[in-house]
Amino acid sequence: MIRVALQAKGRLNEDSLRLFSEAGIRFENAKRKLLSKSEDFPIEVLYLRDDDIPSAVSSGVADIGFVGINEIEEKGFDVEVVHKLGWGKCRISLAIAKSEEYTDISWFNGKRVATSYPNILKKFFNENGIDAVIEEIAGSVEIAPAVGMADAIFDIVSSGSTLVSNGLKEVHTVMKSEAALIATVGLSGEKRELLEQLKFRFESVERSEGKKYILFNIPNDKIDEALEIIPSLKSPTLLPLANKSWSSIHAVVEESVLWSKINLLKGIGAEDILVLSLEMMVL
Ligand code: PRT
Ligand code: ZN
């Protein structure tokens, strides 16, 4: 049995549960219980605030967890980052009032900066020789300059629209973050084996993202041209049809180029083109 810590509610909760579900693992009463098991895999889930996940995994209360890299950096707990998940992407940036003239990082000397990430900011200021006052606040950081609590903020940004609507501008990105699968350092035996199985499933799901499965029929003398149009990860599948002068080709194609490939295939006489969604690519 392995125990995973997931965010109880918030930005990472849904994507975390979706990834487990796509990997064939659902949890009982996912919304109601703080600790719930799965019938599909020897795993139980512990729902926590994201701030508490690094310490839970570091201490072994949970064996693994999904959390933003920003929380790991801020809390400073020792954990193994097993796999970056590619979602929950954001940056942590310094922002100041739009009306202020910004020169360079030395602007922050002698200023007060409000943040919920004091440790990351302290380290950044130390490394850059900046002498500023850090005001730690738990939330509503972006309002601090307008109410006179601080001259600037250091906070998470993704689209940037929260900054704009509070009359702020982003002037320096200190770190980039995304969600990651983390584990207790030195996890071994059965738990390590289960972690490897999970990682294998997650990677199979991720590999299929942005890809479609395409099938079409093509006259035999056009097979070579068709194969040039759809370079495949592996050799595409080529099947004979009842009509002996035609064949069927099956392949995996990047979604971003799907329509241009379909046009090219139609141009060389492909027919009965079917596009299917792809759930997993287990290599
Ligand atoms: O209750 P709990 O403590 O678990 O949740 P929380 O409120 O601390 O965290 P939550 O759910 O807001 O975010 C969880 C994680 O998602 C963060 O630790 C980041 O790793 C990641 N993440 C990704 C973000 C954002 N994008 C993001 N945009 N976390 C917060 N934001 C905030 C941002 O600070 C701003 O106030 O969302 C607002 C909108 O951002 P803009 O730039 O798109 O306007
Ligand atoms: Zn939090």
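Structure first, text after, so check above.
Think of each chain on its own: its residues are numbered from 1, step by step along the sequence as written. Labels follow written order: the first chain is A, the first ligand is 1, and so on. Selection of residues for local features in this predicted model requires a pLDDT of at least 70, selection of side-chain atom pairs for listing and counting requires 80 or more, and totals for whole chains, interfaces and linings are taken over all residues. With hydrogens and water excluded, all non-hydrogen atoms of the structure serve as input to the side-chain values.

## Overview of helix 4 (residues 118-127)
In step 1: Accessible area is worked out with a 1.4 Å probe on protein chains only. A residue is then buried under 20% of its type maximum, exposed over 50%, and partly exposed in between. The way it works is that DSSP assigns letters per residue, a run of H or I at least four long becomes a helix, a run of E at least two long becomes a strand, and they are numbered from the N terminus. Burial in helix 4 covers these residues: P118, I120, L121, F124 and F125. Buried residues of helix 4, seen end-on, are gathered within an arc of 160° and therefore sit on one face of the element. When the buried face of helix 4 is taken as reference, the exposed residues oriented beyond 90 degrees from it are N126 and E127.
In step 2: In the core, the buried residues of helix 4 are packed alongside helix 3 (69-75), strand 6 (90-97), strand 7 (112-115), strand 8 (133-136), strand 9 (152-157) and strand 10 (168-177).
In step 3: Positive backbone phi, approximately 65°, marks G129, located one or two places after helix 4. Arc definition: it is the arc formed by the directions from the helix axis to the C-beta atoms. Contacts between residues were defined by any pair of non-hydrogen atoms, one from each residue, lying within 4.5 Å.

## Here we look at the site of ligand 1
In step 1: Taken together, 23 residues surround ligand 1, and among them R11, D51, N70, S159 and T162 come closest.
In step 2: Whenever two N or O atoms come within 3.5 Å, that pair is a polar contact, provided that in protein one can donate a hydrogen and the other can accept it, and provided that, for residues adjacent in sequence, both atoms are side-chain atoms. S159 has a polar side-chain atom sitting 2.6 Å from an oxygen atom of ligand 1.
In step 3: We get accessible surface area from the Shrake-Rupley algorithm with a probe of 1.4 Å; when it comes to residues, only the shown protein chains can shield them. Expressed as a share of its isolated accessible area of 840 Å², the protein-covered part of ligand 1 is 78%.
In step 4: Only protein atoms enter the calculation, which uses a 1 Å grid: trapped sets of points that fit a 1.4 Å probe without letting it out are cavities, open sets showing protein on both sides within 12 Å along at least five of seven lines are pockets, and any residue with an atom within 4 Å of a point is a lining residue. To be counted as sitting in a cavity or pocket, a molecule needs more than half of its atoms within 2 Å of that site's grid points. Judged by its atoms lying within 2 Å of the grid points, ligand 1 is housed in the largest pocket.
In step 5: Elements with a minimum of two residues in the shell around ligand 1: helix 3, strand 9 and helix 5 (161-165).
In step 6: In terms of residue count, strand 9 provides more of the shell around ligand 1 than any other element does, three residues in total.
In step 7: A per-class count over the shell around ligand 1 returns five nonpolar, 10 polar and eight charged. Being near a molecule or strand, for a residue, comes down to having at least one heavy atom within 4 Å of it. Residue type decides the class: Asp, Glu, Lys and Arg count as charged, Ala, Val, Leu, Ile, Met, Phe, Trp, Tyr, Cys and Pro as nonpolar, and the leftover types, Gly among them, as polar.

## Describing the coordination of the zinc ion (ligand 2)
In step 1: A donor here means any N, O or S atom no more than 2.8 Å from the metal (3.2 Å for Na, K and Ca); water is not included, so a site may seem to lack partners. Those protein atoms acting as donors to the zinc ion (ligand 2) are D50 (OD) and D51 (OD), and they sit at 2.0 to 2.1 Å.
In step 2: Viewed at the metal, the four donor atoms of the zinc ion (ligand 2) are separated by angles of 77 to 174°, and the geometry they form is irregular.
In step 3: Since its relative accessible area comes to 25%, D51 is described here as partly exposed. Geometry is assigned from donor-metal-donor angles: four donors are tetrahedral when every angle falls between 85 and 135 degrees, four are square planar and six octahedral when opposite donors sit over 155 degrees apart with all other angles between 65 and 115, and any other arrangement is irregular.

## Topic: the nonpolar core
In step 1: Residues belong to one nonpolar core when they are buried, are Ala, Val, Leu, Ile, Met, Phe, Trp, Tyr or Cys, and are joined through side-chain atoms within 4.5 Å. With 30 residues, the main nonpolar core has I53, L94, F108, V113, F125, F154 and I182 as its most contacted residues.
In step 2: The set of elements that each furnish at least two residues to this core consists of strand 3 (43-48), helix 2 (53-59), helix 3, strand 6, helix 4, strand 9 and strand 11 (179-183).
In step 3: Among the elements that make up this core, the one with the highest residue count is helix 4 (four residues).
In step 4: The contacts of F108, once residues within four sequence positions are left out, are L94, I96, Y102, V113, F125, I130, D131, A132, A152 and V171.

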